[in-house]
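# Inside the fold
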Amino acid sequence: MTKKLEVPELSLVVLIGTTGAGKSTFARAHFRTTEVISSDFCRALVSDDENDQTATADAFEVLHVIAGKRLAAGRLTVIDATNVQPEARKQLVALAREHDVLPVAIVLDVPESVCARRNATRTDRQFGSHVLHRQRDQLRRSLRNLSREGFRHVHTLRGEDEIADVDIVRTKLYNDLREERGPFDVIGDVHGCRSELVSLLEKLGYAVTADGARHPNGRRAVFVGDLVDRGPDTPGVLRLVMGMVAAGDAYCVSGNHEAKLLRALRGRNVRVTHGLAESLEQLTVEPADFRARVEKFADGLISHYVLDDGRLVVSHAGLIERYHGRASGRVRSFALYGETTGETDEFGLPVRYPWANDYRGKAMVLYGHTPVPAPEWVNNTMCLDTGCVFGGRLTALRYPEREVVSVPAQKVYYQPAKPFPRDPATAPADSVRRDPVVLDLKDVLGNTGIETRLHGRVTVREGNAAAALEVMSRFAVDPRWLLYLPPTMSPVATSQLPDSLEHPLQAFEAYRADGVDAVVCEEKHMGSRAVALVCRDSAVAAERFGMPEGSLGELWTRTGRPFFDPARTIRFLTRLAEAADRAGLFQELNTSWLLLDTELLPWSVKAEGLLRGQYAAVGAAAGAVFPAAADVLARAAARGLDVGELSARADRRAANAAAFTAAYRRYCWQTEDLTGVRIAPFQLLATEGAAYHERPHAEHLAWADRLVEADPELVTATRRSYVDTTDPAAVEAAVGWWEALTAEGGEGMVVKPAANLVRGGRGLVQPGLKVRGREYLRIIYGPDYVDHLPRLRSRGLGHKRSMAAREYALGIEALERLARGEPLWRVHECVFAVLALESEPVDPRL
């Protein structure tokens, strides 16, 4: 009969047997080649000879390093070595404990004669019989001690037949519930408050009975532990929760109070403090079979659960990322008690180490243990113990909705050692405070990668990160505002039409090739790209973003720098907020703030230095040089010299220079404070709990039009034309519209998929292609650029388009993380990466 050996999916499997016992054959038969680390192979790595015993120490050093890397990555690892010596096993058990995985021993107990016969057939093995005899003796002495050495599972296989008829069964750890995807209602510390628990479950929609509760929509509760002690009805809470767990309507992890109660029920010597006396007294009047069930229930509670494909972790006192899904005494201790600094506060209580402040894991961690006046998001973690037994509230978090639900305590059942705030103003019902944690230096050092939904992993190189760090740390707006940076935009493919570098036909052809038939052509305002975060009032800025009194939001550039000084910013945003309020956007979108993608006009508001130092200087130089050159050429002609060609070239260059000056002057005008300053919004990026990149551009432009109507002096409309790229007449009309725009001095237009976000067969479709007019390109490429069109047509767009796609994916990722309520540093991770990519070497004229 086949013998089944259970091996945890994440464990360190140590094969134990003398040389010739068949360990390598066994490993090949039952484990992947990559899972097995052989001492012989490592000996060959360091000496080119797997039988060189002088290389053994180095070989095992390499073996431990490789095994450690695999275990750190959460991969099952098998050690193929004799491992008959206690010291060798001791090092492997220590390695398993270092990585918080279970050590498993599989012993191949084969008669010495069989091993000798096998070794005799191997000419590369010249071991004497004394070596085999010594190993066999060490193996026999080891068999009775393996469990005491720390191996959590010991499987002993005796004889060739038993070894040959084995089936390895990989088992999940008890904490692994990744296949359970919810929805869940995670409930904080109950501490014997049955009435409040019933009220909370009913508020969550559960039908409650004396010994259970079930949600009609199949939701399940997850309890963070500390069901017992201090409160008035510990047996009632246990009866209800035990019934839910038994019926499959709930999960429960152990709290430190359950662990202590279990020891007390088993007659261990424990201090009857912190409410244990109340629980024991209440349980004494319960039937013996109920107390036995309680003992069994408490004994079966595990340290933590990993749920929803690893997106959710529930433990009693929280859990750092490297402990998620691991199993060890160290993991259990952290999950039950947390980590302390070794200090005590003025009330004699241990000071807890604020692990959540440093948490950078992908999973949401929900926990309790240390009561707080109101739940608070800190780096995608939340403490749900709001001190019900102390007169606070009993709190739950609906997952994945991230909605906090709570009920007030009916009374103060237990006086805490440390005063607990119970002022309703301090802890309002279902209140949530948000964390202000931003990027840390260690988050951006070196080469990093950001996982995006739309573009996979986007790599940020160390050099680019250093450049972004300089800007972010010295020049950027307050990071609490900085939720998004817009991506760069690629121009269309180069046109081959006479006197044209860019033309709308190439945009329509590109989108048609990507299967996009419906596009929108938007007027390209010649200003500066600006992102505006507008709060309805200063109270929203303080509560939602943690900003000081009087703040209303921020207005920043493509590189995260503020456009105006603080006073001017407040005046500008006050008008924009009032316009949004009159337009009904706050109410319609059920939000207290708006994040807008816009263009700020005129160009000179931001680029005055560039205009004076570069463009105006060129125009001034031309104004000085060409008249003088014309005079010289005229005098040369008067002397009879043939300078006709030179004169014509000078006249043409003078005309080009005049056209260059006229071109950039179209985009500059005098402004004083806000007089003359205009903003042209064209996309609503996000509001509270929502991102809008999958809403068609027509909706975005309609919202923008309402802002224009509400304040036409401040807000400028974006003219647009909708085009069917498969309709020649529509394409021709759009080309004519572009020609008219550029003829009257406009920069050009941006062509976008009308649906907004589009993924094609080749991946992410470009979100927009800019088509700039001839006179605007004169500003970019220089007064005489038309004369150099043959050379300019060889410009390469591949890198620019790649960068545009990566930055767009990062921007969307930031908005989606923001909408999901992820911690601010997770949003900043994407924002920082966009800024870092901007330092990649790309022709700035593109």
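Small disclaimer: the values here were computed from a predicted structure and weren't measured.

### A word on the overall build of the protein chain
- Across its full length, the protein chain carries 28 helices and 36 strands.
- For the protein chain, the C-alpha atoms occupy an extent of roughly 115 × 80 × 55 Å along the three principal directions.
- A fraction of 73% describes how many contacts in the protein chain between residues 6 or more apart in sequence connect residues 24 or more apart.
- Per element, the accessible surface of the protein chain, about 37,300 Å² overall, is 50% carbon and sulfur.
- Of the side-chain charges in the protein chain, 107 are positive and 112 negative, and the distance between the mean point of each set is 3 Å.

### Regarding the sheet that holds strand E5 (residues 102-109)
- The strand order E3-E4-E2-E5-E6 describes an open sheet built from five strands, whose pairing is parallel. For this open sheet the edge positions go to strand E3 (36-38) and strand E6 (153-158), each flanked by a neighbour on one side alone. On average, adjacent strands in this sheet sit at an angle of 20° to one another, irrespective of strand direction.
- Packing of helix H1 (residues 23-30) onto the sheet brings it into contact with strand E2 (11-16), E3, strand E4 (77-80), E5 and E6, and relative to E2 it is tilted by some 145°.

### So, the side chain of Arg-70
- Summarising the element assignment, Arg-70 is placed in helix H3 (residues 56-72).
- Glu-35 is the oppositely charged side chain nearest to the buried, salt-bridge-free Arg-70, at an N-O distance of 4.9 Å.

### Comments concerning the packing of helix H2 (residues 39-47) against H3
- At their nearest, the axes of H2 and H3 sit 8 Å apart, and the two run at 115° to each other. In terms of their interaxial angle, H2 and H3 are classed as roughly perpendicular. Crossing handedness for the pair H2 and H3: right-handed. Between H2 and H3, the residues in contact are Ser-39, Cys-42, Arg-43, Leu-45 and Val-46 and Thr-56, Asp-58, Ala-59, Phe-60, Val-62, Leu-63 and Ile-66, respectively.

### Digging into the sheet that holds strand E28 (residues 553-556)
- Strand order in the open sheet formed by five strands is E28-E27-E29-E30-E31, and the pairing between neighbours is antiparallel. Looking at the sheet topology across the chains shown, the edges are occupied by E28 and strand E31 (690-691).
- As paired elements, strand E27 (residues 528-535) and strand E29 (residues 593-601) share eight bridges and run antiparallel to each other. If you follow Arg-529 over to E29, its bridge partner there is Glu-599.
- Lying on the sheet, helix H23 (residues 697-710) is in contact with E29 and strand E30 (678-687); it crosses E30 at an angle near 130°.

### Here we look at unusual backbone geometry
- The peptide bond linking Gly-182 to Pro-183 adopts the cis configuration, its omega dihedral lying at 10°.
- Examined against the element boundaries, Pro-183 turns out to sit in the loop between strand E8 (176-177) and strand E9 (184-187).
- Following Leu-601, the chain continues into Pro-602 via a peptide bond in cis, with omega recorded as 0°.
- Here Pro-602 is to be found in the loop between E29 and helix H21 (604-638).

### Details of the environment of Met-749
- Looking at where Met-749 falls in the secondary structure, it is placed in strand E33 (residues 748-753).
- Residue class for Met-749 comes out buried when judged on its relative accessible area of 0%.
- The residues contacting Met-749, other than those within four sequence positions of it, are Pro-504, Phe-508, Cys-521, Glu-522, Glu-523, Lys-524, Ala-734, Trp-737, Trp-738, Leu-769, Lys-770 and Val-771.

### Points about the environment of Asp-58
- Inspection of the secondary structure assignment puts Asp-58 in helix H3.
- A C-alpha to C-alpha distance of 9.1 Å links Asp-58 and Ser-47, two positions eleven residues apart in sequence.

### Quick notes on the confidence of the model for the protein chain
- Chain-level pLDDT for the protein chain is 88 on average; 91% of the residues reach the 70-or-more range.
- Confidence over residues 423-427 falls short of pLDDT 50; this stretch has five contacts with residues more than four positions distant or in other chains.

### Structural notes on helix H4 (residues 86-98)
- An ideal rise of 1.5 Å per residue puts 18 Å on 13 residues; H4 measures up with 18 Å between its terminal C-alpha atoms.
- Among all positions of H4, only Arg-89, Leu-92, Val-93, Leu-95 and Ala-96 are buried. The arc enclosing the buried residues of H4, seen along the axis, measures out at 155°, which places them on a common side. Across from the buried face of H4, at angles greater than 90 degrees, the exposed residues are Lys-90, Arg-97 and Glu-98.
- Backbone geometry just after H4 places Asp-100 at a positive phi near 55°.

### Looking at the packing of aromatic side chains
- Enumeration according to the criterion identifies twelve aromatic pairs in this entry.
- Look at Phe-545 and Trp-593: their rings are 5.6 Å apart centre to centre, the planes differ by 75°, and that puts the pair in the edge-to-face class. Taken together, the positions of Phe-545 in helix H18 (residues 538-545) and Trp-593 in strand E29 put the pair 48 residues apart, joining distant regions of the chain. Across the pair, exposure class does not vary: Phe-545 and Trp-593 are buried alike.
- Taking the centre distance of 6.4 Å and the plane angle of 55° together, the rings of Phe-563 and Phe-564 count as tilted. Each member of the pair Phe-563 and Phe-564 is classed as buried.
- Three or more aromatic residues joined by ring pairs form one cluster here, namely Tyr-323, Phe-334, Trp-355, Tyr-359 and Tyr-367.
- Arg-402 extends its terminal NZ or CZ atom over the ring of Trp-377, reaching a point 4.0 Å from the ring centre.
- A cation over an aromatic ring shows up here: Arg-561 above the ring of Phe-475, its NZ or CZ 4.4 Å from the ring centre.

### A word on the pattern of salt bridges
- Enumeration according to the criterion identifies 52 salt bridges in this entry.
- Between Asp-100 and Arg-330 there is a salt bridge, and its shortest N-O distance comes to 2.9 Å. Pair noted here: Asp-100 is in the loop between H4 and E5 and Arg-330 is in helix H14 (residues 329-337), with a separation of 230 residues, a long-range link.
- For Asp-100, a relative accessible area of 2% gives the class buried.
- By relative accessible area, which is 41% here, Arg-330 ends up partly exposed.
- Where Asp-597 meets Arg-529, a salt bridge forms, and the shortest distance between an N and an O atom there is 2.8 Å. Note that Asp-597 is positioned in strand E29 and Arg-529 in strand E27, a separation of 68 residues in sequence.
- Relative accessible area serves as the criterion here: at 2%, Asp-597 is assigned to the buried category.

Procedures and definitions
Throughout this document, residue positions are counted from 1 along each chain, in the order its sequence is written. With pLDDT at 70 or above as the cut-off, local features in this predicted model cover only qualifying residues; side-chain atom pairs require 80 or more to be listed or tallied, and sums for whole chains, interfaces and linings still use all residues. Side-chain metrics in this entry use all non-hydrogen atoms of the structure; hydrogen atoms and water are not considered. Note on conventions: DSSP H or I runs of at least 4 residues are helices, E runs of at least 2 residues are strands, and numbering of each starts at the N terminus. The contact rule is simple, with two residues in contact once any of their heavy atoms fall within 4.5 Å. Only the protein chains shown count as cover for residues, and the accessible areas themselves come from Shrake-Rupley with a 1.4 Å probe. Charge counting follows a simple rule: Lys and Arg are positive, Asp and Glu are negative, and His as well as the terminal groups are ignored. Taken as the charge centre is NZ of Lys, CZ of Arg, CG of Asp or CD of Glu, depending on the residue. Being paired, for any two strands, means DSSP has found at least two bridges between them. Geometry is summarised by axes, namely lines fitted to C-alpha atoms with helices restricted to the contacting stretch, and by angles between N-to-C directions that run from 0 to 180 degrees. Each residue gets one of three labels from its accessible area relative to the maximum for its type: buried under 20%, exposed over 50%, partly exposed in between, using a 1.4 Å probe on protein chains only. Between Lys or Arg on one side and Asp or Glu on the other, a salt bridge is scored when a side-chain nitrogen of the former is within 4 Å of a carboxyl oxygen of the latter. Any angle that falls under 35 degrees is termed roughly parallel, while one over 145 is termed roughly antiparallel, one within 65 to 115 roughly perpendicular, and all others oblique. What makes a crossing left-handed is the near helix being turned counterclockwise from the far one by less than a right angle; a clockwise turn instead makes it right-handed. The pLDDT value tells you how sure the predictor is about a given residue, anywhere from 0 up to 100. Given the number of residues in a helix, its expected span is that number minus one, multiplied by 1.5 Å. In this context, the arc is that of the directions from the helix axis out to the C-beta atoms. Classification of ring pairs uses Phe, Tyr and Trp, with its six-membered ring standing for Trp, and accepts pairs whose centres are within 6.5 Å; under 30 degrees between planes counts as stacked, over 60 as edge-to-face, and the remaining range as tilted. Charge-over-ring contacts are defined here by two conditions on Lys NZ or Arg CZ: a distance within 6 Å of the ring centre and an angle within 35 degrees of the ring normal.

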